[in-house]
Each structure stands twice: as C-alpha cells, then as structure tokens.
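A structural walkthrough
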Amino acid sequence: MGKLYFIFGVHNHQPVGNFPHIFKEACEKCYFPFLSILEDFPKIKFCIHNSGPLYDWMKEHCKDYIGLLKKMVKRGQVEVVSGGYYEPILPIVPDCDKYGQIKLMNDFIEKEFSNKPQGVWTAERVWEPYLARVIANCNLNYTFLDDTHFRFAGLRQPEFFGYYTTEDEGRPLSVFPISKTLRYKIPFSEAGEAFAVLNNLKQEGDSLVTLFDDGEKFGLWPGTYDWVYNKEWLKNFLTLLNGSRDIETITAREAFEKFQTNGIVYLPTASYEEMGEWALEPQNFFAYEELKELLKANGKLEEYKDFVRGGFFRNFYHKYPRLNYMQKRMLYLSRKVNAKANPDKDKKIFTSLYKAQTNCGYWHGVFGGFYLGHIRSAVYENLIEAENVLDEKYNEEKISVDCTDLDLDGSDEVILKNDKLICCFSQKGAALVEMSLRNPAINLVNTITRREESYHKKILQNITKEGAVSTIHDIVKQKDKDLDKFLIYDQYERLSLMDHLLEESISLDDFNLQKGINTLSDEIYDWDIKKERQRATLCSNFSNGGLGFSKIIEFSENCGFDVNYKFNRKNILKDYNFGIEFNISLLSPGDIFAKSGKEKVALSEPVEFKEGSSFTIIDKFKKITLDFNFDKARIFTMPVYSVSSSESGFEKVYQQTAILFIFKRKDTLKFSLDIKHSHD
C-alpha cells in the first residue's frame, strides 16, 4: 500500500450585513477554537479560506485570530487560499468585478501573510467552464470543486483522487475534487469511524484525496460546538491523523508540485448537488425526488445517480422575480461604475459595489439567504452608497432619468433620481419597484413575494393535531408555532404604488389572502417621460375594455412624489372600488406605528383604519416617517411574513408592511407621498 496524502481544507464566511453578534459567536465558537486546536498539531497541514467580510471584522474585533493564522502560515502549516474578496458567486457578477474582487483578495493575502496565493475558493462551488480562463488570468493555478461536478461530467469512479486540468481558450486551471464521502463523514461520525473511512481510501501507490468544506460545521452549526470541542471530536481526529504512518496531510500548493495531473477534463455548469435541487421550482423538485425514489425502489439509484441532477444556479433569477431585480440592479450599477470610475482613484465606490455582491442574498437553500431582510438590506445599502459617491463625483444633474429594461422582463423601467431619492418604476402597472433613500441608505421596497417552496410540503405533511411538526429529518425543525397558517402565496409580485380593482365587500382578511383583488400590476401601461431641469413627469395610461385612466407621476427635488389619476368617465369602475397598494420594507415590526387622524396604532398586527385623507407611518428604529396624503380612503395594513428554511429550522420571517388604500368610485384621484427622516 502506498501513502495517502490528505488535503484538509476549511472555508469560513459570514456575509456583509450579518449581525455583529453572529460574527462574534462564529469567531468564539468556531473559527478561533478550530485554529487553536490545530496549532497544537504542528505536523498537521491544512488549507484555509476566509472571506473578506470575515477578515474585515477580525482585523478590528478578533486580532488574536489574525495573529495566530500569521504564525501558522509562517511555520508552513497553513496555506491561505484566495477568492473573490467579498465572496461573490463569480458567474453572476461582471468579469471586471471578478478580476477586481480576486485581485483585492490576492493583494490582501500577500500583504498580510507575506505569501502569494496559488489557489482560489469558488464561492458555493458554482462553476461555469469559462471560469478556468478568468481564474488563470488572475495568476492562480487551481481551485476546489465537489466530486459531483466530475460525476456530472460523466466520469464514473468510486472515489476521485489527485487533481485534473481544465481550460478555456487554452488557459489551464487545475481542479482538486472534493470528496463527498469525507464531506458527509467529517465531523458528523465518530472520530475513529471518520479516520477509518479516510484510511480505507489508501491505494496501491501514493495517492491524494481532498476535503474542503464549510468551517462552520466545526462549531457553529446546531449541535456541533459540543460535539467538536466539548466532546473533543476535532482533537481526537487530529490525534489519529498525527499518529498515522500511512496518511500524511499536505497543502494544495505542495500537492500541486508533488503530483502530476490526471489529465484534461471539462466540467459542466454545476454546484454541489443540493444547490441544483434548491434551484428547482417545487413541482419540478417533487418530480426529481420521485425519480430518485423510483430508482431506489428498483435498486438502480447507485448505478444511475450520477445522471440525475437538479437545476442550474442562474435560474434562481427565474424562480424569484424580486431576486432577479436585485441582481440586475447590481449589474446595472456595475456597468455605470466601471464605465466612469477608476478602481485606484475611487476605492470607496468599488468597495461598496463589491460588498453589494456578497453571495448570500442572491440565492436561497437550506439557509435563509434571500429571505433574510437584513441581508438583502445590506446589498441595497451598499448599492446606494456606491451610487451616492459615483453621482457626487461624476453626475451634475439635479434630476436624472434613465429608461431601460433593467430586469430584462420584456418591459421597460424608468429610474428617477434626485439628491434624496432613487425610484424605479416599471412599465407594468407603472408600479414602484424600488424606492431608495440616499441617506440613510435604505430601499423601502426591499420586498418579498410569498410563494410556495418545496420544503413547505414537510410542514403540511407533519402537522399533528396539536399544530406542531412531528418529524423533520436531521436538524431541521419548526422554530415557530402554527407555521401552516402563514403558508399563504401571493398572486402578484409585492411592489408599491400598485393599482387594483377591489370588490366592494373586501375585508382585511381578504387582503391577506388576496381575495377580491383584480390587480392591474401585470398590465403594460403606455407611458411617456418628460424631463425638465428640476422635474420629471411620468405620464402613463391604462386602457382595457371599458376601463381607462391616466396615472401621472410627478418627481421633483423633494423626497417623495405626487400621483394624479384621472378616469376617462365618471363611475366607470361600476361595482368596484379602486385600490392603491404599497409594500414598505422596515426591518423591525415592533417599532412601526401608524397615525390616521388623531389615532396612533402599532402595526405589528393587521389593522383596519376608518376613512381619512392622510396616513403616516413612523419607524422609530430607523427614524423614518412616511406621510401619505390623498382623497378620502379606507386603509388596511398588515405585516407580511414568509415561511422559510434556515440552518436551525423552519421559521416565519417578517418581510414588509403592506398598506392598501381603498377609494370609492370617482373620476379623479390625487395621491402624494412625502418621506422624512432624522439622525442621531
């Protein structure tokens, strides 16, 4: 038997916008103790990738970690692996930003650790073949991808050893296959069992096997801190490794020099297996699961599983239109930034842009991801801050107007900006899809549309008579009671300034369930944009059957806008009332109040207000006030919750507050919004 060389790698990451206490907990319960125990085993070599947001936080709050890592790098125990600094999914950001983010990380590693990186971590292992050229152009020699990628390429082996070479336009890149066998055993089985599995991978001659996985499984995932540290799993496993004559740990840099490539291979677009499943629409996921069960029942799953795969990562943007808007908004700004600004002279702009590309808000799987409002909020905050500095330096217009199909849905959007506000209106319904304050940098239409998720089926199938979930496999559990009552799916995208025809009998409960609402928000309005120096006017018109009206939006230098509706003849609505819906994203529902006349009410529960002509929302947490003025209307408000999966279970998550203004039949309607905010 030959010697088995083992690359042991961990990838550590917390996203931009995550709560400070999460960074602190992750460092104290996971990252620092992991490194500290490895320090006691100087013969054990390993690779580590920390994302830029972690480095930024640790340099200020956990300097001991940085100091210890430097010490271990200096003595040759650790190889620090590069990546996009703010951990972007590389295929969904422009090439210029790929290069910029990787260069930023390369420069950081060389400066901090006096070590030029040779390898790169590919975020979420989302791979597209042209990345070989991009990474090679960054003077990096190798990356690490799941053995799933190789199986999807048609390579069929019980286990993958060594590394392979791929290329694009003749630019080569080596790829180390990550062992799924080890990924599922370490650290979730007994230390002796995991070591035995590793030991059984030995071959006739010298061989190389790779494990590179989330560092959070070593202390931060539910139940792992006690298992890995209190019950000394990591210490026991390292002790077995340290005493072995047949297994030797090695860094990727050393392995790249010691071993020859296994030859050329071309890997398809892929990520790890679970990511492909999460990208599927629920009905497609159920069919995919049914196929696997059918193969399993016929004893064919092991033989054919390499040819059964889920969806394509980029189809998250087909699956979630609101996510698509956010990603295309990032691309839109990146084009402007890279056309006008210079990375060396405009570091603040590029830093904010790169922070807005942190991947966690751009997809959704078993963790909260896109469903976490504070993560999306951080994306928009950094987009706004980048645009603020860009406009301050390169844009002299008091009012700017840009009309383009920003989200590539086949209809145009118009972006209106002044020095206080960035608004984006869609030609669909002349609805408001973004309303971003410049200072503080907040998108007030950072909304979610409630939709079916494949994991909702688990909640509905496992409801007991008492209303609790009886069984959820592995660590997945129900964090909140009565989650099934919140499994309500919207019939239209939740935006703002949306026009509806409402049944006269509509109730607050109907609004929640979207009954009695005939929305016009998917209808294409004819529109025309007029621009003056200090004013922009968006004139839109709707006509369908006997219903026709104009909707004129006046945008000036104020923090807000005016809207005038004029119907083509009186009482044209017949048996309907007219509704205008807003969805306002404010992150703390317990701090949101409303005033209608003299009445002040908390908005943490659904509320119906009597007819009035003004309405004010007060967010005490963000210190923002929204004043609505209009012709007389009844008002419904309700908090909107999604039911999503997180690493610790199913939970309901507050997303936004929905407001419905209900107007009786008439021929004209005036509506205005004025936004105020204060600072401490």
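So, how was this worked out
Residues numbered from 1 in each chain as written. Predicted model: local features only at pLDDT ≥ 70, side-chain atom pairs only at ≥ 80, totals over all residues. Heavy atoms only, no water. Helix = DSSP H or I, 4+ residues; strand = E, 2+ residues; numbered from the N terminus. Rg over C-alpha atoms; globule rule 2.2 N^0.38 Å. Buried < 20%, exposed > 50% of the residue type's maximum accessible area, 1.4 Å probe, protein only. Contact = heavy atoms within 4.5 Å. Lys, Arg positive; Asp, Glu negative; His and termini not counted. Charge placed at Lys NZ, Arg CZ, Asp CG, Glu CD. Salt bridge = Lys/Arg side-chain N within 4 Å of Asp/Glu carboxyl O. 1 Å grid on protein atoms, 1.4 Å probe; cavity = no way out; pocket = protein on both sides within 12 Å on 5 of 7 lines; lining within 4 Å. Points joined across faces, edges and corners; volume = space filled by probe spheres on them. Pairing = 2+ DSSP bridges. Core = buried A, V, L, I, M, F, W, Y, C linked by side-chain atoms within 4.5 Å. Axes fitted to C-alpha atoms, helices over the stretch in contact; angles between N-to-C directions. Left-handed = near helix turned anticlockwise from the far one by under 90°. Nonpolar A, V, L, I, M, F, W, Y, C, P; charged D, E, K, R; others polar. Expected span 1.5 Å × (residues − 1). Parallel < 35°, antiparallel > 145°, perpendicular 65-115°, else oblique. Disulfide = S-S within 2.5 Å. pLDDT = per-residue confidence, 0-100.

With that out of the way, let us pick up the overall build of the protein. Of the regular secondary structure elements, the protein holds 20 helices and 27 strands. On C-alpha atoms alone, the protein measures out to a radius of gyration of 27 Å, which is about the 26 Å that the 2.2 N^0.38 rule sets for 680 residues. In terms of overall dimensions, the protein has C-alpha extents of about 90 × 65 × 45 Å along its principal axes. When the 680 residues of the protein are sorted by exposure, 59% land in the buried category. In the protein, 71% of the contacts between residues at least 6 apart in sequence involve partners at least 24 apart. With 89 positive and 99 negative side-chain charges, the protein shows a separation of 3 Å between the mean positions of the two kinds.

Position of Thr148 relative to the elements: it lies in helix H6 (residues 147–152). Thr148 sits in the buried class, given a relative accessible area of 4%. The residues touching Thr148, leaving out its near neighbours within four places in the chain, are Ser271 and Glu273.

This brings us to the pattern of salt bridges. On inspection of all chains with the given rule, the structure shows 46 salt bridges. The partner of Glu581 in a salt bridge is Arg494, and the shortest N-O contact between them spans 2.6 Å. Remark: Arg494 occurs in the loop between helix H19 (456–461) and strand S15 (498–503) and Glu581 occurs in strand S21 (residues 576–584); sequence separation between them is 87 residues. Sharing partners across several salt bridges, the network here consists of Arg329, Lys336, Glu387, Asp391, Lys417, Glu434 and Arg438.

Time to look at empty space enclosed by the protein. Over the atoms, a rolled probe matching the size of one water molecule traces out where space is still vacant. For the coordinates displayed, the defined rule picks out 3 cavities of 30 Å³ or more. Along its surface, the largest cavity is lined by 14 residues, and Ala270, Ser271, Gly276, Arg309 and Gly311 are the ones closest to its centre. Top contributing element to the lining of the largest cavity by residue count: helix H12 (residues 273–278), with 3 residues.

Each regular strand shows side chains that alternate between the opposite faces of the sheet. Among the 5 residues in strand S6 (residues 164–168), 4 count as buried, and that is most of the element. Where S6 and strand S7 (residues 171–178) come together, 5 bridges link them in antiparallel fashion. Bridge pairing in S7 places Thr165 opposite Ser174. Two successive antiparallel strands, S6 and S7, enclose a turn made up of 2 residues, where Glu169 displays a positive phi of approximately 55°.

The next thing to look at is the nonpolar core. In this structure, Phe6, Leu198, Phe237 and Leu238 are the most contacted members of the largest nonpolar core, which totals 120 residues. For this core, the element with the highest residue contribution is helix H1 (residues 20–39), accounting for 9 residues. If sequence neighbours within four positions are ignored, Phe6 has contacts with Leu182, Leu198, Val209, Leu211, Phe237, Leu241, Ile247, Glu248, Thr249 and Ile250. Core analysis: the next-biggest nonpolar cluster, separate from the first, contains 60 residues, Leu497, Ile553, Leu603 and Phe661 among them.

Moving on, we get to the packing of helix H2 (residues 52–61) against helix H4 (residues 95–113). Following both chains from N to C, one finds H2 and H4 inclined at 35°, their axes separated by 12 Å at the closest point. Pair H2 / H4 crosses with left-handed handedness. Contact residues: H2 offers Gly52, Tyr55 and Lys59, while H4 offers Met105, Phe108, Glu112 and Phe113. Looking at the contact of H2 with H4 residue by residue, the class counts come to 4 nonpolar, 1 polar and 2 charged.

Attention now goes to helix H16 (residues 321–340). Across its 20 residues, H16 extends 29 Å between first and last C-alpha, which sits within 8% of the 28 Å expected from 1.5 Å per residue. The buried fraction of H16 amounts to 15 of the 20 residues, a majority that puts the element mostly inside the structure.

Helix H17 (residues 347–355) packs onto H16 with a crossing angle of 160° between their chain directions and a minimal axis gap of 11 Å. Viewed along their axes, H16 and H17 adopt a mutual orientation that is roughly antiparallel. In this structure, H16 crosses over H17, and the sense of that crossing is left-handed. Side by side, H16 and H17 meet where Met330, Ser334, Val337 and Asn338 of the first sit next to Ile349, Phe350 and Leu353 of the second.

Let's shift gears to the sheet that holds strand S12 (residues 421–426). The pairing of strands in a sheet comes from backbone hydrogen bonds and takes either a parallel or an antiparallel form. Read from one edge of the open sheet, 5 strands run S10-S11-S12-S13-S14, paired in antiparallel fashion. Two strands bound the open sheet, and with one partner strand each, they are strand S10 (400–404) and strand S14 (442–443). Pairing analysis gives 5 bridges linking strand S11 (residues 413–417) to S12, with the strands arranged antiparallel. When the sheet's bridge partners are listed, Leu416 is paired in S12 with Cys423.

Within the fold, Cys62 resides in the loop between H2 and helix H3 (63–74). Sequence separation of Cys62 and Glu28 is 34 residues, and the distance between their C-alpha atoms is 9.1 Å. In this view, Cys62 contacts Cys27 and Trp57; residues no more than four positions away in its chain are not counted.

Taken across its 6 residues, S15 has 5 buried, putting it largely inside the fold. One ladder, built from 6 bridges, connects S15 with S21; its direction is antiparallel. Directly across from Glu503, in S21, lies its bridge partner Tyr576. Of the pairings in the sheet, the one linking S15 to strand S16 (residues 517–519) comprises 3 bridges and is antiparallel in character. Residue His500 lies in a different strand from S16, and its bridge partner there is Thr519.

We now examine the environment of Ser596. Note that Ser596 resides in strand S22 (residues 592–596). A C-alpha to C-alpha distance of 47 Å links Ser596 and Glu277, two positions 319 residues apart in sequence.

A few words now on the state of the cysteines. One pass over the structure, following the stated rule, counts 0 disulfides. Considering cysteine sulfurs only, Cys30 is the nearest to Cys360, which forms no disulfide, with 15 Å between them. The buried category is assigned to Cys360, whose relative accessible area is 16%. Cys559 takes part in no disulfide bond, and the closest cysteine sulfur to it belongs to Cys423, at a distance of 8.2 Å. On the basis of relative accessibility, which here comes to 8%, the residue Cys559 falls in the buried class.

All right, on to the environment of Ile592 then. Looking at the secondary structure, you find Ile592 in strand S22. Sequence separation of Ile592 and Tyr99 is 493 residues, and the distance between their C-alpha atoms is 42 Å. Sequence-distant contacts of Ile592, defined by excluding residues within four places in its chain, comprise Leu586, Val601, Ala602, Leu603, Ile617, Ile618, Tyr654 and Thr657.

One can find Asp391 in helix H18 (residues 373–394). If we ignore the near neighbours within four places in the chain, the residues touching Asp391 are Lys417 and Arg438.

Attention shifts here to the confidence of the model for the protein. Looking at the protein, the pLDDT average stands at 93 and 96% of residues meet or exceed 70. Residue range residues 463–476 is modelled with pLDDT below 50. Its contacts to residues more than four positions away, or to other chains, number 20 contacts.

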